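Spelled out, the chains give:
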Amino acid sequence: MKRLIFYFLILLFAVWGGLKIAADPGYLLISYQKNTIEMPVWFACFGIVLGFIVFYFLLRLISNMFSLTARIRAWNRQRRVRRAWQRTHRGFIALAAGEFALAESDLLRAVKYTDTPILNYLAAARAAQGQNKIAQRDEYLSKINEKGRLPELAVGLTQAKLQLEQQQYEQALATLQQLQHIAPKHKPLLVLLKQTYYHLHDWASLEILFPQLEKYQIFNEEKLQKLQIKIYTGLLTTASKQKGDSIELVWQRTPKELRLNPEVLDLYLPYISKKDHDEAEKIIRHSLSHAESLLKEKPNDANLLLTLGELCVKSQLWGKARSYFDASLIVAPKAKTYFELAKLLEQLGETDKAMETYRRGLALSIQ
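Notes on the structure follow. (Residues numbered from 1 in each chain as written. Predicted model: local features only at pLDDT ≥ 70, side-chain atom pairs only at ≥ 80, totals over all residues. Heavy atoms only, no water.)

## A short note on a nonpolar patch on the surface
Inference 1: Residues Met1, Leu4, Ile5 and Leu9 make up a contiguous nonpolar surface patch of roughly 470 Å² in combined accessible area.
Inference 2: By the element assignment, Leu4 lies in helix α1 (residues 2-23).
Inference 3: The exposure class of Leu4 is exposed, given its relative accessible area of 59%. (Patch = residues over 30% accessible without salt bridge, like charges linked within 9 Å, V, L, I, M, F, W, Y side chains within 5 Å. Areas by Shrake-Rupley, 256 points an atom, 1.4 Å probe, with all protein chains shown as cover. Salt bridge = Lys/Arg side-chain N within 4 Å of Asp/Glu carboxyl O. Helix = DSSP H or I, 4+ residues; strand = E, 2+ residues; numbered from the N terminus. Buried < 20%, exposed > 50% of the residue type's maximum accessible area, 1.4 Å probe, protein only.)

## A closer look at the pattern of salt bridges
Inference 1: The tally for this structure, following the rule as stated, stands at 15 salt bridges.
Inference 2: With its nearest N and O atoms 3.6 Å apart, the salt bridge here joins Lys143 to Glu139.
Inference 3: For Glu139, a relative accessible area of 34% corresponds to the partly exposed category.
Inference 4: For the salt bridge of Glu222 with Lys226, the shortest nitrogen-to-oxygen distance reads 3.6 Å. Here the residue Glu222 and the residue Lys226 both occupy positions in helix α10 (residues 221-240), the gap between them amounting to four residues, near one helical turn.
Inference 5: Look at Lys226 and you get exposed, because its relative accessible area is 55%.
Inference 6: Overlapping salt bridges bring together Glu310, Lys336, Glu340 and Lys343 as one network.

## Some details on helix α16 (residues 335-347)
Inference 1: The terminal C-alpha atoms of α16 lie 18 Å apart, and with 13 residues this matches the ideal 18 Å at 1.5 Å per residue to within 8%.
Inference 2: Residues of α16 that are buried: Ala335, Thr337, Tyr338, Glu340, Leu341, Ala342, Leu344 and Leu345.
Inference 3: Of the surrounding elements, those touching the buried residues of α16 are α14 (302-314), α15 (318-331) and α17 (351-365). (Expected span 1.5 Å × (residues − 1). Contact = heavy atoms within 4.5 Å.)

## Things to note about the side chain of Thr114
Inference 1: With respect to the secondary-structure elements, Thr114 resides in the loop between α3 (100-110) and α4 (117-130).
Inference 2: In terms of polar contacts, Thr114 uses its side chain to reach the backbone amide nitrogen of Thr116, at 3.3 Å.
Inference 3: Filtering out sequence-adjacent residues up to four positions away, Thr114 remains in contact with Ala84, Thr88 and Asn120. (Polar contact = N/O pair within 3.5 Å; in protein donor to acceptor, adjacent residues only side chain to side chain.)

## Focus: the packing of helix α12 (residues 262-275) against α14
Inference 1: Put simply, α12 and α14 touch, their axes get as near as 10 Å, and they point 25° apart. Considering the angle they form, α12 stands roughly parallel to α14. When α12 is examined against α14, the residues Pro262, Leu265, Asp266 and Leu269 are found in contact with a partner set consisting of Thr307, Glu310, Leu311 and Lys314.
Inference 2: The residue makeup of the contact of α12 with α14, split by class, is four nonpolar, one polar and three charged. (Axes fitted to C-alpha atoms, helices over the stretch in contact; angles between N-to-C directions. Parallel < 35°, antiparallel > 145°, perpendicular 65-115°, else oblique. Nonpolar A, V, L, I, M, F, W, Y, C, P; charged D, E, K, R; others polar.)

## Regarding helix α13 (residues 277-297)
Inference 1: Taking 1.5 Å per residue, 21 residues should reach 30 Å; α13 reaches 31 Å between its end C-alpha atoms and fits that length.
Inference 2: Taken together, the buried positions of α13 are occupied by Ala280, Ile283, Ile284, Ser287, Leu288, Ala291 and Leu295. Projected down its long axis, α13 shows its buried positions confined to an angular sector of 130°, all on one face. Projecting away from the buried face of α13 at angles above 90 degrees are the exposed residues Asp278, Lys282, His286, Lys296 and Glu297.
Inference 3: Lining the buried residues of α13 we find α11 (246-253), α12, α14 and α15. (Arc of directions from axis to C-beta.)

Below is the structure:
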């Protein structure tokens, strides 16, 4: 209805205008120097309106031409982004499949137009390492110029992992020590530091790191215990090769519960036996008494029973040692327990039983 009224008003205005022009057409005179142009007023008005319309559509045409160019550029950009995503996707699949050359090529071709260049460079670095192209690997990592805690951690941890895989332990340590200033409590960083120190046999640094591994619960209790034993056996072994009382200093800072461990005792007893044989026997008796007191609280602890058996062997308490080994095997059969019992049986002259026990231990160890 509104549209009909609008058209009616336009028609009314046109009729009114036509009547006015017919009654008094008027004229317009334009003079410039010696030239003059004379025309009816209505014709001049029509020309102005027509000129405005032509000018308007000309501007629209020019604007659309620029807009078309922009749309073409946007379409090309989207096409490149889509192809970059496809190449990135294909590159990650190739990397997972071990097709390192193909993965490297696709990931690098996509890196210019992808929204995640850091991921492409990280993956390309892994692909380069898979081809043993170490210099190329480091170059890709150096091209990642994103700033911030997480990007720096991602790049640094990836670099350290790749260096560890290549057994570049010193380089990995340098990388990880730089990252410690960024995130000293970062669990993956602490794990890699532990691995690096372990490969370098840097037991002193591992001893310093151990409280953090324990505090942040990086490993379960069993793994932490094994690591702690490895740390102090490593420290004692190193100290035993040095002059002076280095081994005594290590022993003094060895945790008391760890001094019960036969592996740790085996490294300290030769040293103390040379200095004071009575003191060595005293240490063994004390360790045995302490371990037996712990047994009251943990009667079914296979590791504690194994330790008691080993301590009894050192004290030449053959019968008690055998009983503890047997009890440990009942609770949880372990290859080490079978081997310790086999050595004892062999020492006692029970060769057949010793061979059978060795066989059981070997069968358990290869499972």
